[in-house]
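If you want the building blocks of each chain, they are given just below.
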Amino acid sequence: MAKLQFSVFIFVAFLVFSASTNAKTASPPAPMLPPTPAPAPAPHHVNLTELLSVAGPFHTFLDYLLSTGVIETFQSQANNTEEGVTIFVPKDDAFKAQKNPPLSNLTKDQLKQLLLSHALPHYYSLSEFKNLSQSGPVSTFAGGQYPLKFTDVSGTVRIETLWTRTKVSSSVFSTDPVAVYQVNRVLLPEAIFGTDVPPMPAPAPAPVVSSPSDSPTADSDEANASSPKSSHKNSAQTVAFGPVAMVVSGLVALFL
């Protein structure tokens, strides 16, 4: 019996020793790492071709951009730079109204420069044009020889070249880095069309409004209206004195 108890004691001691040994040699748990953040979504790029196709009557301007490849220049500026782009888009009616000078005589390179001069290599919101108007002429995508002059009059942005005076008539799209503004006329740069600007047509004269003194007065109307009455009165007096004159003539004849 004592031998059995001793064997049990030895077995229990062996288990306790083995457990303590395993506890000492076991590796500590791996540290908890923070979750890996999800990758940032790709930036959303405005497709200028789609925008100009649906935003307004800009088909003529868009066709020129596509045929000259200028649309790719503007799109690259919008997608790949921190500066962004600001584009001034004439309506279709502006191209139809552009007769002098005609755009049909431009070479392909001149047409390309004309289109580039309708954009600035930086994003400008409408509120920023007030400060921009104080900095003098601003270089366009076409370069320093194709500047635009801006003025802000009570919130209305006006654009000038030597040949053109117009204004921003509406904001088509304005979210950094792309701004697209509608203008009512084609912007004609001096570097292409020269300095011999034809005189502006004189404004139509204002209609002449007659003054009250030129119109017939009440006095003249009354005078004209009273004239027949005077004529009738004279005639009546003549008829009344006719018999009297005959009687007088008869008495004179008797005495003679």
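Provided above is the structure to which this section pertains.
Every chain's residues receive numbers from 1 upward, in the order its sequence appears when written. With the structure being a predicted model, the display of local features is reserved for residues of pLDDT at least 70 and the display and counting of side-chain atom pairs for 80 or more, all residues being used for whole-chain, interface and lining totals. Only heavy atoms go into the side-chain values, all of them from the structure, while hydrogens and water stay out.

Draft legend 1. Inspection of the packing of aromatic side chains at higher detail. Ring geometry is summarised as follows: Phe, Tyr and Trp rings, the Trp one being its six-membered ring, pair when their centres sit within 6.5 Å, and such pairs are stacked at plane angles under 30 degrees, edge-to-face over 60 and tilted between the two. Counting across every chain of the model gives ten aromatic pairs. On the basis of an interplanar angle of 50 degrees and a centroid distance of 5.4 Å, the ring pair of phenylalanine 74 and phenylalanine 141 is categorised as tilted. You can see phenylalanine 74 sitting in helix H4 (residues 70-80) and its partner phenylalanine 141 sitting in the loop between strand S3 (138-140) and strand S4 (143-153), a full 67 residues away along the chain. Accessibility here uses a 1.4 Å probe with only protein chains present; expressed as a share of the type maximum, an area under 20% marks a residue as buried, one over 50% as exposed, and anything in between as partly exposed. Judged by relative accessible area, phenylalanine 74 falls into the buried class, the value being 0%. These aromatic residues form a ring-pair network of at least three members: Phe88, Tyr124, Phe129, Phe150 and Tyr181. Every helix listed is a DSSP run of H or I at least four residues long, and every strand listed is a run of E at least two residues long, numbered separately from the N terminus.

Draft legend 2. Molecular detail of the environment of leucine 120. With respect to the helices and strands, leucine 120 occurs in strand S2 (residues 119-120). Taking relative accessible area as the criterion, leucine 120 reaches 1% and is therefore assigned buried. For the pair leucine 120 and threonine 86, spaced 34 residues apart in the sequence, the C-alpha separation amounts to 5.1 Å. We call two residues in contact when some of their heavy atoms are within 4.5 Å. Ignoring sequence-local partners within four residues, the contact set of leucine 120 consists of Gly84, Val85, Thr86, Phe88, Leu132, Val138, Ser139, Thr140, Phe141, Leu148 and Phe150.

Draft legend 3. Inspection of the pairing of strand S5 (residues 156-160) at higher detail. The alternating pattern of S5 places Val157 and Ile159 on a buried face and Thr156, Arg158 and Glu160 on a face that is not buried. Only when DSSP finds a minimum of two bridges between them are two strands counted as paired. Summarising the sheet, S4 and S5 pair through five bridges and their orientation is antiparallel. Residue pairing for S5: lysine 149 is matched across the bridge by glutamate 160. Taking the residues between adjacent antiparallel strands as the criterion, S4 and S5 are bridged by two residues, where serine 154 takes a positive phi near 55 degrees. Examined bridge by bridge, S5 and strand S6 (residues 165-175) share three bridges and lie antiparallel to one another. Directly across from glutamate 160, in S6, lies its bridge partner arginine 165. Here S5 hands over to S6 after four residues, the two strands then running antiparallel side by side.

Draft legend 4. Quick look at the sheet that holds S5. Taken in spatial order, the seven strands make up an open sheet running S2-S1-S7-S6-S5-S4-S3, and their pairing is mixed. Each end of this open sheet is capped by a strand with a single partner; those strands are S2 and S3. Inspection of the sheet shows strand S1 (residues 85-90) paired to S2 by two bridges, in the antiparallel sense. Of the residues in S2, the one forming a bridge with threonine 86 is leucine 120.

Draft legend 5. Focus on the side chain of histidine 118. Locating histidine 118 in the fold gives a position in the loop between helix H6 (108-116) and S2. On the accessibility criterion, histidine 118 (1% relative accessible area) is buried. Looking at histidine 118, its side chain comes within polar contact range of the main-chain oxygen of leucine 114, at 2.7 Å. Polar side-chain contacts of histidine 118 include one of 3.1 Å to the backbone nitrogen of leucine 187. Leave out the neighbours within four places in its chain, and histidine 118 touches Phe61, Thr86, Ile87, Phe88, Pro90, Val186 and Leu187. Whenever a nitrogen or oxygen atom comes within 3.5 Å of another N or O atom, the pair is scored as a polar contact, on the condition that within protein one atom can donate a hydrogen and the other can accept it, and that pairs from neighbouring residues in sequence are kept only if both atoms are in side chains.

Draft legend 6. Up close: unusual backbone geometry. Between asparagine 100 and proline 101 the backbone carries a cis peptide bond, its omega angle lying at 0 degrees. Along the polypeptide, proline 101 turns up in the loop between helix H5 (92-97) and H6. With omega at 20 degrees, the peptide bond leading from aspartate 176 into proline 177 counts as cis. With a phi close to 55 degrees, serine 154 is a non-glycine residue in the positive phi region. Summarising the element assignment, serine 154 is placed in the loop between S4 and S5. Judged by its relative accessible area of 78%, serine 154 falls in the exposed class.

Draft legend 7. Structural detail: H4. When we look at burial in H4, the residues that qualify are Val70, Ile71, Phe74, Gln75, Gln77 and Ala78. When H4 is viewed along its axis, its buried side chains cluster within an angular range of 160 degrees and face the same direction. Seen from the buried face of H4, the exposed residues on the opposite side, beyond 90 degrees, are Glu72 and Asn80. Close packing links the buried residues of H4 with helix H2 (48-54), helix H3 (59-68), S1, H6, S2 and strand S7 (178-183). As used here, the arc belongs to the directions running from the helix axis to the C-beta atoms.

Draft legend 8. Inspection of the packing of H3 against H6 at higher detail. At their nearest, the axes of H3 and H6 sit 10 Å apart, and the two run at 120 degrees to each other. Classed by the angle they form, the pair H3 and H6 counts as oblique. For the pair H3 and H6, the sense of crossing is left-handed. From H3, Phe61, Tyr64, Leu65, Ser67 and Thr68 reach across to H6, where they touch Lys108, Leu111, Lys112 and Leu115. Gly counts as polar in this scheme, as do all residues outside two lists: the nonpolar Ala, Val, Leu, Ile, Met, Phe, Trp, Tyr, Cys and Pro, and the charged Asp, Glu, Lys and Arg. When grouped by side-chain class, the residues that make up the contact of H3 with H6 number five nonpolar, two polar and two charged. Between N-to-C directions, angles span 0 to 180 degrees; the directions come from axes that are lines fitted to C-alpha atoms, helices contributing only their stretch in contact. By definition in this entry, angles of less than 35 degrees are roughly parallel, angles greater than 145 are roughly antiparallel, angles of 65 to 115 are roughly perpendicular, and the rest are oblique. By convention the crossing between two helices is left-handed if the near helix lies anticlockwise of the far one by an angle smaller than a right angle, and right-handed if it lies clockwise.

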